[in-house]
Amino acid sequence: SLRAALGVASAGLLVYLVACWLLGPLVLMLSPIPALLLIGYSLLKRFTALCHYGIGIVMGLAPAGAWVAVTGHLDATIEVWLISLFALFWIAGFDIIYALADIDFDREQGVHSIPAKLGMVRAQIVTGIGFLGGGHTLFGGIIKRVPHSRRVSAGRGAAAGKQMRAGLFDDSGI
C-alpha cells in the first residue's frame, strides 16, 4: 500500500539523516544532495532514456561523500574524483545491463531506458563504451599521477612474478 511504502521510505530517510548527523555537521548539511538525487532518479525513467546515468551520479557521489565523512572537509583529491567518475560509469553500465531484462515491459509501459530506446545490442555497446571510458578515466588518471620510477618498479615486479609462475626462476628460497 502507499501508506506502507511512505512509512518505510520515511523510516529510511530518518536513519539516513541520523547517520549523517553522527558523521558531523558538514555531512548533515550536504545530506540533501544525494537524497534528492536518489529520489529524482526514480522519476527520470518517466522522461529520459539517460536515467541510468542518474543512478550513476548518485552512486558516483559515494567516494566523495566518504571523503567528506572521514576528513570533515570538501577538498577531495583528484584520485577521489577519478574514483567517483569511474563509479558513475560503472553503476550506470550495470543499470543498463539490468534494464535489458525489462526491455519489453519498458516499451509496453512507456518507461524510458537505453535498452528500450536503442535495442539490446546497441544498449550493450553503450555499456561497453561507458565501462571503457570509466576504466580509462580511473586507471589512466591514477597512472599519470604515479611517478615513472614506481611504474617501472611495479612492471618489473609483475614480470618477475610472471616468470616465477612460469618456472623460469628458482623460487625455493622465497
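Let me sum up the structure you'll find in this document. Treat the numbers as computed from the prediction; the structure is a model and nothing was measured.

1. Concerning the layout of surface pockets
If a probe the size of a water molecule is rolled over the atoms, the empty space left behind becomes visible. In this structure, the largest pocket encloses a volume near 430 Å³. Together, 21 residues line the largest pocket, and Leu 30, Pro 34, Leu 61, Ala 64 and Gly 65 are the ones closest to its centre. Element by element, the count of residues in the lining of the largest pocket is highest for helix α4 (residues 51-71), at 10 residues. Leu 6, Ala 9, Ser 10, Leu 13, Tyr 16, Pro 34, Ala 35, Leu 38, Ile 39 and Ser 42 together form the lining of the second largest pocket. Taken together, the elements giving at least two residues each to the lining of the second largest pocket come down to α1 (2-23) and α3 (32-44). Grouping the constituent residues of the lining of the second largest pocket by class yields eight nonpolar, two polar and no charged.

2. Focus: the packing of α4 against helix α5 (residues 78-99)
The geometry of α4 relative to α5 is characterised by a closest axis approach of 7 Å and an angle of 150 degrees between their N-to-C directions. Crossing of α4 against α5: the hand is right-handed. Contacts between α4 and α5 involve His 52, Tyr 53, Ile 55, Gly 56, Ile 57, Met 59, Gly 60, Pro 63, Ala 64 and Trp 67 from the first element and Val 80, Trp 81, Ile 83, Ser 84, Ala 87, Leu 88, Phe 89, Ile 91, Ala 92, Asp 95, Ile 96 and Ala 99 from the second. Of the residues in the contact of α4 with α5, the class split is 17 nonpolar, four polar and one charged.

What counts, and where the lines are drawn
Every chain's residues receive numbers from 1 upward, in the order its sequence appears when written. In keeping with the model being predicted, local features are shown solely for residues with a pLDDT of at least 70 and side-chain atom pairs are shown and tallied solely at 80 or more, while totals for entire chains, interfaces and linings include all residues. Note that water and hydrogens are dropped before the side-chain values are worked out from all heavy atoms of the structure. Two kinds of site are reported from a 1 Å grid over the protein atoms alone, namely cavities, where a 1.4 Å probe fits but cannot get out, and pockets, open sets with protein on both sides within 12 Å along at least five of seven lines, and residues are called lining when an atom falls within 4 Å of a point. Grid points are joined across faces, edges and corners, and a volume is the space filled by probe spheres set on the points. Strands are runs of DSSP state E lasting at least two residues, helices are runs of H or I lasting at least four, and both sets are numbered from the N terminus onward. The residue classification treats Ala, Val, Leu, Ile, Met, Phe, Trp, Tyr, Cys and Pro as nonpolar and Asp, Glu, Lys and Arg as charged. All others, Gly included, are polar. Every axis in this analysis is a line fitted to C-alpha atoms, fitted for helices over the stretch in contact. Angles between the N-to-C directions lie between 0 and 180 degrees. By definition, any crossing whose near helix is turned counterclockwise from its far helix by less than a right angle is left-handed, and any crossing with a clockwise turn is right-handed. Note on contacts: a residue pair qualifies if any of its non-hydrogen atoms lie within 4.5 Å across the two residues.

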